[in-house]
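Observations on chain architecture
Now for the letters of each chain:
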Amino acid sequence: MIKVAIESKLPSVGTSIFSVMSALANAHGAINLSQGFPDFSMDPRMKSLVTEAMAKGFNQYTAATGLPALREQISALATECYGIEVNPESEVTVTSGGTEALFCAIAATISEGDEVIVFEPCYDSYVPVIELFGGVPIYVPLDFPDYKINWQNVKKRVSSRTRMIILNSPHNPTGSTLDAADLAELAKIVQANPIVILSDEVYEHIIFDGADHQSILRHKDLAKRSFVVSSFGKTFHATGWKVGYCIAPEHLSKEFRKIHQFVTFSTSTPFQWAIAEYMKDRSHILELRNFYQTKRDYFLDLMKQSRFEPLTSKGTYFQLMKYDQISKKGDKAFAEWLTVEKGVATIPVSVFYHSGEDNKVLRFCFAKENSTLEKAAEILIRL
Ligand code: PMP
Ligand code: GLN
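The structure contained in this document is the topic of the report that follows.

Definitions and cut-offs
- Residues numbered from 1 in each chain as written.
- Chains lettered and ligands numbered in written order.
- Predicted model: local features only at pLDDT ≥ 70, side-chain atom pairs only at ≥ 80, totals over all residues.
- Heavy atoms only, no water.
- Helix = DSSP H or I, 4+ residues; strand = E, 2+ residues; numbered from the N terminus.
- Buried < 20%, exposed > 50% of the residue type's maximum accessible area, 1.4 Å probe, protein only.
- Areas by Shrake-Rupley, 256 points an atom, 1.4 Å probe, with all protein chains shown as cover.
- Lys, Arg positive; Asp, Glu negative; His and termini not counted.
- Charge placed at Lys NZ, Arg CZ, Asp CG, Glu CD.
- Polar contact = N/O pair within 3.5 Å; in protein donor to acceptor, adjacent residues only side chain to side chain.
- Contact = heavy atoms within 4.5 Å.
- Pairing = 2+ DSSP bridges.
- Axes fitted to C-alpha atoms, helices over the stretch in contact; angles between N-to-C directions.
- Phe/Tyr/Trp six-rings, centres within 6.5 Å; stacked < 30°, edge-to-face > 60°.
- 1 Å grid on protein atoms, 1.4 Å probe; cavity = no way out; pocket = protein on both sides within 12 Å on 5 of 7 lines; lining within 4 Å.
- Points joined across faces, edges and corners; volume = space filled by probe spheres on them.
- Nonpolar A, V, L, I, M, F, W, Y, C, P; charged D, E, K, R; others polar.
- Disulfide = S-S within 2.5 Å.
- Near = heavy atom within 4 Å.
- Sits in = over half its atoms within 2 Å of the grid points.

Here we look at the overall build of the chain
Looking only at helices and strands, the chain has 14 helices and 13 strands in total. Seen through its C-alpha atoms, the chain measures out along the principal axes to roughly 65 × 55 × 55 Å. Across the 383 residues in the chain, those meeting the buried criterion constitute 56%. With the model as given, the accessible surface of the chain reaches about 16700 Å², and the carbon-plus-sulfur share is 52%. Measuring between centres, the 40 positive side-chain charges of the chain sit 2 Å from its 44 negative side-chain charges.

Quick notes on the side chain of S231
One can find S231 in strand 7 (residues 226–231). There is a polar contact of 3.1 Å between the side chain of S231 and the backbone nitrogen of G233. Look past the residues within four positions of S231 in its chain and what remains in contact with it is G98, V202, V243 and G244.

Some thoughts on the sheet that holds strand 2 (residues 92–95)
Here 7 strands make up an open sheet; going across it, the order is 2-8-7-6-5-3-4 and the pairing mixed. Every interior strand has two partners, whereas the edge strands, strand 2 and strand 4 (136–141), have only one. Averaged over all neighbouring strand pairs, the angle between strand axes comes to 20°, with direction disregarded. Alignment of strand 3 (residues 115–120) against strand 5 (residues 162–168), held across 3 bridges, turns out to be parallel. Bridge pairing links I117 to I165 in strand 5.

What to know about the packing of aromatic side chains
What the rule picks out here adds up to 26 aromatic pairs. Measuring from centroid to centroid gives 6.3 Å for F119 and W151, while their planes differ by 70°, and the two rings are edge-to-face. Pair noted here: F119 is in strand 3 and W151 is in helix 6 (residues 151–157), with a separation of 32 residues, a long-range link. Both residues of the pair, F119 and W151, count as buried. Ring geometry for Y317 and F318: centres 5.2 Å apart, planes at 80°, overall edge-to-face. The structure contains a cluster of three or more aromatic residues connected by ring pairs, namely F40, Y203, F208, F291, Y292, Y317, F318 and F366.

Focus: the layout of surface pockets
One number sums up the size of the largest pocket: a volume of about 710 Å³. Residue lining of the largest pocket: 25 residues in total, with S12, G14, D124, V351 and F352 positioned closest to the centre. Mapped by element, the contributors of at least two residues to the lining of the largest pocket are helix 1 (17–28), helix 5 (127–132) and helix 13 (331–342). Tallied by class, residues from the lining of the largest pocket come to 15 nonpolar, 5 polar and 5 charged. The calculated volume of the second largest pocket comes to roughly 510 Å³. Contributing to the lining of the second largest pocket are 26 residues, with G36, T99, Y123, K234 and K242 lying nearest its centre. Looking at the lining of the second largest pocket, the elements that each hand over two or more residues are helix 4 (97–109) and helix 9 (232–235). If you tally residues by element for the lining of the second largest pocket, the top one is helix 4, at 4 residues. Of the residues in the lining of the second largest pocket, the class split is 8 nonpolar, 13 polar and 5 charged.

Overview of the state of the cysteines
What the rule picks out here adds up to 0 disulfides. Cysteine C81 shares no disulfide, and the gap to the nearest cysteine sulfur, in C246, comes to 17 Å. Assessed through its relative accessible area of 25%, C81 is described here as partly exposed. The thiol sulfur of C122 is not disulfide-bonded, and the nearest other cysteine sulfur, from C246, lies at 18 Å.

Notes on the site of ligand 1
Taken together, 13 residues form the shell around ligand 1, and within it T99, D200, Y203, K234 and K242 come nearest. T99 places a side-chain nitrogen or oxygen 2.5 Å from an oxygen atom of ligand 1. Contact between ligand 1 and K234: a nitrogen atom at 2.4 Å from a side-chain N or O atom of the residue. Relative to its free-state accessible area of 390 Å², ligand 1 is covered by the protein chains to the extent of 92%. With respect to the detected pockets, ligand 1 is housed in the second largest pocket. For the shell around ligand 1, the leading source of residues is helix 4, giving 4 residues. Taken together, the residues of the shell around ligand 1 break down into 4 nonpolar, 6 polar and 3 charged.

So, in structure tokens, the structure goes:
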């Protein structure tokens, strides 16, 4: 038998940092504040709704574009939150997580040689997909340490080949957010250019200190050229359910759906049914920001006695901390040491820069029981 090899399409891609750090945490019995997922349970009602869906017989394929009842809920929620009319038939597509929606949006848009502006630190799932379709990532750094976008820098990097700009607010890993002035700057830049926007808003309902999430959907002109991605995993403490969606105008949704139907065809029917039922009551979604703000503040309070220096988290369930008063190690080495030797796993932020830029910052996930945060802080304040 001959050994058949294939040429790697992604030669420089390894295993995601989230898998790596969670595996390291498990191997060493460390408290896992690395990969972003809650260690507490979702509302038991959500679980019983899935059972109910199965018992009622919702176990076969549903529409490839998503269960109609769920698309209607998504459309109504967008109107309530952002004041935009979204057609559930032609402008909403349910996907298997936000990850699939990001993939389909990039795949539908990017061809050989197209440039895509991404901001660093950059969530890890964008660039490999851009490259898979022959696109060229153009990296624009967010300003350190507030991680805001410098729009002058963006303007300089726009060229006749720019096809897409990828935004993420609230931002993973930094917890920074876009404000209305950012959207106005973006609108000016793209106005005369055929640039599509991909807006990753999976943390849209986790925003703090009384701010409102500045969705692209609030901006009528920008919405006409945008794919807006969200995920129920974050909103309903159900990251393993892998149900997300994309809102985009009909002409973009049409191309998006052509790809989506051959990636997964349709997303799990009973989970879609359960979410649609659960969404009839909006209280969970509306309370989410307070729930996580309380967690953020509790974690920050516990960490006051430590030598870690918190940066500002305006949204998401992540908190960045500088550790340069504790160690001179690079962030990857420090995160590994902290997991293996001290029993607390985190994410080193340098992995989200193509250059490996290292500001000696770690990302802590605070979507955890208070008891988990207390145990972790007890260790961290002794360093
Ligand atoms: N974008 C960002 C910024 C994320 O943090 C995540 C998930 N952690 C996703 C997309 C993917 O969402 P999902 O788990 O629904 O695929
Ligand atoms: N987005 C999650 C995080 O930032 C992880 C998702 C994943 O493991 N792919 O931790």
